[in-house]
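What follows is each chain in one-letter form.
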Amino acid sequence: MKGATHLTAAVMQVTPQVAKEILRRGPPANVEWKRNRKATNSQIEKLKAKMDNGLWILAQPIMFDNEGKLLDGQHRMLAVIQHGKPVDFIAIDGFENITFGQIDETVTRGIADWLHIKGEDLPKELSSLLRYVWLDSNDLLPTRSGGFGSRGWTIQAAIKILDEHPELRDALRAPGVTSNGLVSRSLGAFLWWKFSKTDKAAANEFFTDLIYARNQISETDPMCILRYWLETNKESRKKEPMTVVAAVTIKAWNAIRKQEPCRQLKFNKNEKFPQVI
């Protein structure tokens, strides 16, 4: 692995004072590392609880470059500070000219974290959107009774999709996608992107109409039926999974495109995921 030819590994006892110094030095100045991922309180609390209860084990190492700057371990350092006592870690140092993608071959990070570090807007929503596109492009969108496959879904796969489809960033801000309240922003963006490849103006109209369909009364209008279905699902204690929401929305789109009346929208067990027309 490039940048990993002169590594040293040792057990390192990190006191709260040492943890503060490590964080003070910050990550390397490499452009890709300027935006170290945001620390999340829930993750810090989970790590601290393990330390407090004597459940901490030497597992995932903390990693430093050849200048002693932290590459991976921000949450663990913050947890040590809150724990207030020394904690042992496996420490690996000596990485040079390291990139985020290369570190990720050794340490699993969330794709949303990677997008945040790269400075992308709406990283969580964009991460989910990229996964939907990846599932769709690999014919992995399941039947109602099936589950999602995750094998092969990596940061490298996300990079490839974003490079091939930079317009996905704009999909998250498409008309109606940001404010309909019935379909998640990432799923709405995925559907808008799929629809826009057929007819962008019609995709804009579809999601705009979805917001205002509550003011329309029709027993056979696909948009009214969809709006009622989505509102019922939103209020239900047992909500339908993303697969069903997407499939039902695509069926409504298809009915509108074919100018067909619609009295019911459903996605049956073992039914194949519908194609956008």
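Residues numbered from 1 in each chain as written. Predicted model: local features only at pLDDT ≥ 70, side-chain atom pairs only at ≥ 80, totals over all residues. Heavy atoms only, no water.

1. Considerations on the sheet that holds strand E4 (residues 87-95)
Right, on to step 1. In space, the four strands of this open sheet follow the order E1-E4-E2-E3, with mixed pairing throughout. Of all strands in the sheet, those with a lone pairing partner are strand E1 (8-14) and strand E3 (70-72), marking the two edges. On average, each strand axis in the sheet is inclined to that of its neighbour by 35°, with strand direction left out of account.
Right, on to step 2. Two elements, strand E2 (residues 62-65) and E4, share three bridges in a ladder whose sense is parallel. Directly across from aspartate 65, in E4, lies its bridge partner phenylalanine 95.
Right, on to step 3. On the sheet, helix H1 (residues 16-25) packs against E1, E2 and E3 and is oriented at approximately 125° with respect to E1. (Pairing = 2+ DSSP bridges. Helix = DSSP H or I, 4+ residues; strand = E, 2+ residues; numbered from the N terminus. Axes fitted to C-alpha atoms, helices over the stretch in contact; angles between N-to-C directions. Contact = heavy atoms within 4.5 Å.)

2. Here we look at the pattern of salt bridges
Right, on to step 1. In this structure the tally under the stated criterion is 12 salt bridges.
Right, on to step 2. Among the salt bridges present, the one from aspartate 72 reaches arginine 76, with a minimum N-O distance of 2.4 Å.
Right, on to step 3. With a relative accessible area of 8%, arginine 76 lands in the buried category.
Right, on to step 4. Between glutamate 231 and arginine 227 there is a salt bridge, and its shortest N-O distance comes to 3.0 Å. Linking glutamate 231 with arginine 227, this pair stays in helix H11 (residues 222-235), spanning four residues, or about one helical turn.
Right, on to step 5. Taken together, the shared-partner salt bridges in this structure form one network comprising Glu21, Arg24 and Arg25. (Salt bridge = Lys/Arg side-chain N within 4 Å of Asp/Glu carboxyl O. Buried < 20%, exposed > 50% of the residue type's maximum accessible area, 1.4 Å probe, protein only.)

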